[in-house]
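An overview of the molecular structure
Residue-level listing of the chains:
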Amino acid sequence: MAFKNLFQTVLLTFTLLVLAAQASAQSVLIPAPPQIAGSSWVLMDPLSGRVIMENNSHERLPPASLTKMMTAYIVERELGEGRISMSDMVPISVKAWRTEGSRTFVREGTSVPVETLLKGVIIQSGNDASVALAEFIAGSEGAFVDIMNQQASLLGMENTHFENATGLPSGNHYSTAYDLALLARAIIQDYPENYPLYAQKHFTYNNIRQPNRNSLLWRDDSVDGLKTGHTEEAGYCLVASAKRDETRLIASVMGASSSQARAQEVQKMLNYGFRYYETERLFRAGQELVASRVWGGEANEVSVGMPDDVYVTIPRGARNKLESVVDLDSVIKAPIKVGTELGRVRVVMEGETLVDQPVLALTDVPEGGLFKRLWDAVKLFFVQLFN
């Protein structure tokens, strides 16, 4: 047997043994996804990135106050990189004070902490707080919008374009259910220290107590964010996330007919996803999957594994149907640096490829001495000759 096939078999056997040991439940029959009353929607597993159900999810639509998810994300990024702090005082301009729509009720000429304004954006959907933070970070709302669009591109939001920091109607201001799910995924994963803000049910500023408009926070204990939106043009929109056991899902719906309808439709999506699907971590970052033969190195083997955790979203009870296929380089020669791609691994279920990613060297293998290289070259010659 060639070394390539040997290593394939080793890794394949390793993976299948792990999965078989975990698999005890029987597969379940999965009905068609429920019908959703909205213009577009998507249900996504943020860990694997798998879309469980969707309709018109890439259609460009006005996002209304879902826009503020990007406003908040950029503020959180500035906080994370140390360029601003929660205690920084933000001057309130006339423009921010006069911004129409939902408000935190900040006053022109005063200064308000970043933390207060961020809560105003996330919990109260304050347009005035959004403009104030935009001006504080970028000097003007227009300059902040440039950052918003650059950030959208970096996150892969290919069908999104912002024209303001609030979501107030504007001719070329649009996004999609899918892009907004990607943004929610980034908010949750990139800055988890701030994510609890999205679950707060009320916030009081200037002696005015306002509720979070995400009514699912009261209806479903597993829901812990994110944001609502509404304008006459956009209809009623909601991006919500929930976690049950080890599975988290993000549901995004746009163009619902009422605030009650958007909550009801998102709840249907979440219940369907949690009832019939689960998230499995197949490989841990840095976990050695196999020690592969190295020729001409100080060591004869190199640890091979995944650079990041690898997750799949699968029907409940279907873990025993997963199959792994590995394709390692047939000849691996030193020197090898950590991170060198040495092949690929695919995870397949009933003909569908769920994972197709490179496997990398987890350890360095320096080049061996002259005698070691010559001796390995002779051995490799005969190995290849007889295979």
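Overview of the structure.

**Section: the packing of aromatic side chains**
- Throughout the structure, instances matching the rule amount to four aromatic pairs.
- Feature note: the residues Y272, Y276 and Y277 constitute an aromatic cluster, connected by ring pairs.
- Geometry around Y276 places R275 over its ring, the cationic atom sitting 4.8 Å from the centre.
- Here R293 stacks its cationic end above the ring of W295, 4.0 Å away from the centre of that ring.

**As for the packing of helix α2 (residues 68-80) against helix α6 (residues 141-154)**
- Axis separation between α2 and α6 bottoms out at 10 Å; the angle between their running directions is 90°. The orientation of α2 relative to α6 falls into the category roughly perpendicular. Here M70, T71, Y73, I74 and R77 of α2 lie close against α6, whose contacting residues are F144, I147, M148, Q151 and A152.
- Class assignment of the residues belonging to the contact of α2 with α6 gives a composition of seven nonpolar, two polar and one charged.

**A short note on α2**
- The end-to-end C-alpha separation of α2 is 18 Å, in line with the 18 Å expected for 13 residues at 1.5 Å each.
- With 12 of 13 residues buried, α2 lies mostly within the body of the structure.
- Turning to α2, its buried residues number three or more, namely K68, M69, M70, T71, A72, Y73, I74, V75, E76, R77, E78 and L79.

**With respect to the pairing of strand β12 (residues 301-305)**
- Within β12, four of the five residues are buried, leaving the element largely enclosed by the surrounding structure.
- Here strand β11 (residues 288-293) pairs with β12 via five bridges, running antiparallel. Residue pairing in the sheet places A291 in a bridge with S303 of β12.
- By the bridge criterion, two bridges tie β12 to strand β16 (residues 352-361) in an arrangement that is antiparallel. The residue bridging V304 from the neighbouring strand is A361, located in β16.

**Things to note about the nonpolar core**
- Residues M70, L117, L183 and L226 are the most contacted members of the largest nonpolar core, which totals 58 residues.
- At the level of elements, β1 (40-44), α2, α4 (114-122), α5 (127-138), α6, α7 (177-190), β8 (235-244) and β9 (247-256) are the ones that each hand at least two residues to this core.
- Looking at this core, the element that brings in the most residues is α7, giving nine residues.
- One finds I314, I332, A361 and V365 within the second-largest nonpolar core, a separate group that totals 26 residues.

**Quick word on the sheet that holds strand β2 (residues 51-55)**
- Read from one edge of the open sheet, five strands run β2-β1-β9-β8-β7, paired in antiparallel fashion. Looking at which strands have only one partner, the edges of the open sheet turn out to be β2 and β7 (223-231). Across the sheet, the mean angle from the axis of one strand to that of its neighbour is 5°, orientation sign disregarded.
- Pairing geometry for β1 and β2, over four bridges, is antiparallel. Looking across to β2, one finds that V42 is bridged to E54.

**A few points about α4**
- In terms of burial, α4 is largely enclosed, as eight of its nine residues are buried.
- Those residues of α4 lying buried are V114, T116, L117, L118, K119, G120, V121 and I122.
- At its buried positions, α4 is contacted by α2, β3 (89-91), β4 (111-113), α5, β5 (202-205) and β7.

Conventions and cut-offs
- Residues numbered from 1 in each chain as written.
- Predicted model: local features only at pLDDT ≥ 70, side-chain atom pairs only at ≥ 80, totals over all residues.
- Heavy atoms only, no water.
- Phe/Tyr/Trp six-rings, centres within 6.5 Å; stacked < 30°, edge-to-face > 60°.
- Lys NZ or Arg CZ within 6 Å of the ring centre and 35° of its normal.
- Axes fitted to C-alpha atoms, helices over the stretch in contact; angles between N-to-C directions.
- Helix = DSSP H or I, 4+ residues; strand = E, 2+ residues; numbered from the N terminus.
- Parallel < 35°, antiparallel > 145°, perpendicular 65-115°, else oblique.
- Contact = heavy atoms within 4.5 Å.
- Nonpolar A, V, L, I, M, F, W, Y, C, P; charged D, E, K, R; others polar.
- Expected span 1.5 Å × (residues − 1).
- Buried < 20%, exposed > 50% of the residue type's maximum accessible area, 1.4 Å probe, protein only.
- Pairing = 2+ DSSP bridges.
- Core = buried A, V, L, I, M, F, W, Y, C linked by side-chain atoms within 4.5 Å.

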